[in-house]
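Listed here are the chains, written in short residue letters.
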Amino acid sequence: MKTTPVKTDPSRILDIATGYMAAQQLFAASRIGLFRAISEGAASSEDIASICYVTPRMARILADTMASLDLLTRANAQYALTDAARTYLLGDASELDLAPFLTFLREISYPHWLQFTQTVNTDQPGDLGMNEARWDTFLGGVMTYNRLHADMFANAMDFSEHKNALDLGGLAPYFAIRAMQSNTDLKTTFAYAPDFADRIPEQLAEAGVAERSQVVGMPTATARPQGDHDLVFVNHVIHRFSAEENQQIFKNARAASVEGARLTVLDFFLDDEPKQRAIDALHAGEYLVIDGTVVFPESEVRQWLEGSGWRPIETITLPGCPRVLVAEAV
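Residues numbered from 1 in each chain as written. Predicted model: local features only at pLDDT ≥ 70, side-chain atom pairs only at ≥ 80, totals over all residues. Heavy atoms only, no water.

**A short note on the sheet that holds strand β8 (residues 310-317)**
Here is step 1: Taken together, the 7 strands give an open sheet; going across it, the order is β5-β4-β3-β6-β7-β9-β8, and neighbouring strands pair in mixed fashion. Either end of the sheet is taken by a strand with one partner, and the two such strands are β5 (213-217) and β8. Averaged over all pairs of adjacent strands, the angle between their axes in this sheet comes to 20°, without regard to strand direction.
Here is step 2: Judged from the 5 bridges that link them, strand β4 (residues 187-192) and β5 form a sheet pairing that is parallel. Across the sheet, the residue bridging to T188 is S213, located in β5.
Here is step 3: Sheet contacts for helix α10 (residues 174-182): β3 (164-168), β4, β5, β6 (229-233) and β7 (257-267); angle to β4, the most-contacted strand, approximately 175°.
Here is step 4: Along the sheet face, helix α15 (residues 298-306) touches β7, β8 and β9 (323-329) and points at about 150° away from the line of β8. (Pairing = 2+ DSSP bridges. Helix = DSSP H or I, 4+ residues; strand = E, 2+ residues; numbered from the N terminus. Axes fitted to C-alpha atoms, helices over the stretch in contact; angles between N-to-C directions. Contact = heavy atoms within 4.5 Å.)

**Brief notes about the packing of aromatic side chains**
Aromatic ring pairs: the centre-centre distance and the angle between the two ring planes describe each pair.
Here is step 1: Applying the stated criterion across every chain, the model contains 13 aromatic pairs.
Here is step 2: Where W135 meets F138, the ring centres are 5.3 Å apart and the plane angle is 65°; that geometry is what we call edge-to-face. Here W135 pairs with F138, and both are found in helix α9 (residues 132-156), just 3 residues apart, close to one helical turn.
Here is step 3: Under the relative-accessibility criterion, W135 is labelled partly exposed at 41%. (Phe/Tyr/Trp six-rings, centres within 6.5 Å; stacked < 30°, edge-to-face > 60°. Buried < 20%, exposed > 50% of the residue type's maximum accessible area, 1.4 Å probe, protein only.)

**Quick look at the pattern of salt bridges**
Here is step 1: If you walk through the whole model with that rule in mind, you get 11 salt bridges.
Here is step 2: In this structure, R323 engages D271 in a salt bridge whose closest nitrogen and oxygen atoms are separated by 3.0 Å. Remark: D271 occurs in the loop between β7 and α14 (278-291) and R323 occurs in strand β9; sequence separation between them is 52 residues. Summarising the burial analysis for this pair, R323 and D271 share the class buried.
Here is step 3: What emerges from the salt-bridge pattern is a single network uniting D271, R277, D280 and R323. (Salt bridge = Lys/Arg side-chain N within 4 Å of Asp/Glu carboxyl O.)

Here is the structure:
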């Protein structure tokens, strides 16, 4: 049988169009404990089937797919973990267990994307249909992803010269916690929305940084924290507010900072490069269909900063996570 040569390879289109198949099989592999089943060493599909209580055919399908996606290796019909799987997909044995985030994607985000046609036609978010159980899944998943962001953030930043930090409106304290754990002289004021502020002290105590922390409840859009801070976090904030509100947030942050202070703005950004970074553009759709929040162009955010007493210095790309726009108080 002859194969008709083609001038243009359609593989990329097909990879994108069938991407949901890979996602669903990853969700299933995580849910049944496939990665944990081979955590002690290479295993066959029959071994996986026995441990995970699925059929050998199902185990083979999932294991082959995970191997094709570089989450497992396959040699002589034996499957073994890659470093990424060992780090993030082994449940309690992981350095950071991403299972709650995968559960959020499977149960909340993925079904919600079925409303994307309506969002495209109306430019409005869909209906999440939230109840208490779904909120638990939502927050558990989002906060797990935030922990990953915080780990990458801490690896990319140097906090050693700072003494007095302000975490403004971020809702998740992990970024400041990682900074304080790397610099035992760093103190932090957490100025969080009142309905989140009550949750923070317990997390600070668990992390062992409570004695160097102060938590105050302030609505983020109008918060005017006091102090002479040399480090300010505005992380995972700006997508939740309008352009005008964000400019005021940056002005209020500058008023609470000393000259030369560093500001980090961690979020997804649209860029002006010839090729947009995919994860940022994908989250622009995710944020809109989920709750109508916005992924802003980085160029626009830079303009807000420059008009608020901040000088943008650099943008740091975090693997698999948002980017960090770093600025200096002038």
